[in-house]
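Tertiary structure, described
Single-letter residue listing:
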Amino acid sequence: MTLAVRYTAARTLDTAPVEPSEPGPGEVLLAPAYVGICGTDLHIFHGDMDARVAAPAVLGHEMAGRVVKVGAGVEGWRPGDAVTVMPLAWDGTCPACRAGNSHICQNLNFIGIDSPGAMQQRWTVPADTLIRLPDSLALDKAALVEPTAVAVHDVARAGVRAGERVVVVGGGPVGILIALVARAAGAEVRVVELSAHRRKLAEESGLVTWDPAAEDVVEAAWEWTGGAGADVAFEVSGAAAGVDTAVEVLGVRGRLCLVAIHPRPREINLHRFFWRELTLVGARLYDRTDFERAVELVADGTIPAERLISKVVPLTEAQAAFEALEGGGDVMKILVDCTSDTEGASA
């Protein structure tokens with residue numbers, strides 16, 4: 001038996017023994033080392049996704065760990081290999097897949113939401129979800145590869161080019177990662193964030209921030225761009241005010257990339273879209289090339305993972321970690337250490 005963190009009811013997790021499944025043909029058994037808690041995990045924790053998530057459900061999809069055992073027919077992997085997982089399983093037959101957009105398959109199995117996730121000591125997944133990690137990359141830092149892949153995909157969807165002016169509205173983990181990836185692409189970046197703690201972390205990573213409570217962000221953007229407006233804005237806050245800000249900072253033919261999940265419809269200034277010929281694009285998930293690029297960015301230090309990891313807790317303290325993240329501003333990324341309390345863990 002091994003231990004797993006399970007969602008059992010709204011705002012309730014347990015750490016329970018589970019029987020690990022042997023890897024079947026085309027599958028691998030992993031030993032997750034570190035698993036990050038993301039915003040979607042918090043939505044599940046709050047009970048907002050009960051229509052989709054059947055309790056008890058093992059959570060987690062931001063992970064790094066090692067291969068323990070490979071199933072029949074699996075080639076190229078062996079026990080001990082350091083890996084992360086692109087947690088997507090698509091059907092290959094729906095219209096989205098046939099059009100080449102399998103990452104947003106119309107019948108997508110998002111592993112860790114629609115099927116058991118990584119917050120456990122042993123985890124069986126399809127071998128084709130594995131992404132190789134360099135041996136030089138510490139596994140705690142590698143747990144940030146998945147959210148970095150989100151940022152890589154977002155920046156690509158927005159078509160960010162060197163020399164462009166980019167405003168990121170929302171300085172949480174994904175917002176900071178988008179800012180760092182956009183900067184690596186050669187853009188000039190500003191991050192809009194209310195939390196002083198998050199602004200400080202962004203600034204320690206070399207980013208410039210604006211506090212919307214202390215200054216007029218639209219006026220600041222206009223001054224920064226010499227009256228032209230930003231080329232690209234990313235809405236990562238999930239707030240109505242964030243949407244307004246992201247629209248208002250854009251110049252003529254600017255692009256707004258919607259990243260945050262808005263649980264309810266928002267009003268949006270469509271006249272501004274008409275008047276300035278703006279473009280709105282959605283960005284969801286990632287593909288393999290995004291993951292491979294994310295591995296490079298974390299491994300070479302472009303993403304300062306150590307600054308973004310606020311805390312590491314054992315499996316048995318997952319409930320407290322989720323509760324700490326509800327407070328938002330003073331915490332960035334919390335990792336769950338799946339190597340702790342391993343008595344009785346077996347392959």
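Treat the numbers as computed from the prediction; the structure is a model and nothing was measured. (Residues numbered from 1 in each chain as written. Predicted model: local features only at pLDDT ≥ 70, side-chain atom pairs only at ≥ 80, totals over all residues. Heavy atoms only, no water.)

1. Re a nonpolar patch on the surface
- Judged by side-chain polarity, Leu-258, Ile-268, Leu-270 and Leu-280 come together as a nonpolar surface patch covering roughly 340 Å² of accessible area.
- Within the fold, Leu-258 resides in strand β15 (residues 250-258).
- Assessed through its relative accessible area of 33%, Leu-258 is described here as partly exposed. (Patch = residues over 30% accessible without salt bridge, like charges linked within 9 Å, V, L, I, M, F, W, Y side chains within 5 Å. Areas by Shrake-Rupley, 256 points an atom, 1.4 Å probe, with all protein chains shown as cover. Salt bridge = Lys/Arg side-chain N within 4 Å of Asp/Glu carboxyl O. Helix = DSSP H or I, 4+ residues; strand = E, 2+ residues; numbered from the N terminus. Buried < 20%, exposed > 50% of the residue type's maximum accessible area, 1.4 Å probe, protein only.)

2. Considering the environment of Ala-324
- Counting through the fold element by element, Ala-324 comes out in helix α12 (residues 318-326).
- In the structure, Ala-324 is positioned 10 residues away from Ile-334 in sequence and 9.0 Å away in space, judged by C-alpha atoms.

3. Notes on the packing of aromatic side chains
- The final tally for this structure, using the stated rule, is four aromatic pairs.
- Ring centres of Phe-45 and Phe-322 lie 5.2 Å apart, and the angle between their planes is 50°; this geometry places the pair in the tilted category. Of this pair, Phe-45 sits in helix α1 (residues 39-45) while Phe-322 sits in helix α12, placing them 277 residues apart in sequence. There is no split in this pair, since Phe-45 and Phe-322 are both buried. (Phe/Tyr/Trp six-rings, centres within 6.5 Å; stacked < 30°, edge-to-face > 60°.)

4. Some words on the packing of helix α4 (residues 145-157) against helix α10 (residues 288-299)
- For the pair α4 and α10, interaxial distance at closest approach is 8 Å and the crossing angle is 115°. The two elements α4 and α10 meet at a crossing, and its hand is right-handed. Of the residues in α10, those touching α4 at Val-145, Glu-146, Thr-148, Ala-149, Val-152 and His-153 are Asp-290, Phe-291, Arg-293, Ala-294, Val-295, Leu-297 and Val-298.
- By residue class, the composition of the contact of α4 with α10 is eight nonpolar, two polar and three charged. (Axes fitted to C-alpha atoms, helices over the stretch in contact; angles between N-to-C directions. Left-handed = near helix turned anticlockwise from the far one by under 90°. Contact = heavy atoms within 4.5 Å. Nonpolar A, V, L, I, M, F, W, Y, C, P; charged D, E, K, R; others polar.)

5. So, the confidence of the model for the chain
- For the chain, the mean per-residue pLDDT works out to 96, and 98% of the residues sit at or above 70.
- The model gives residues 342-347 a pLDDT under 50, and that stretch makes 14 contacts with residues more than four places away or in other chains. (pLDDT = per-residue confidence, 0-100.)

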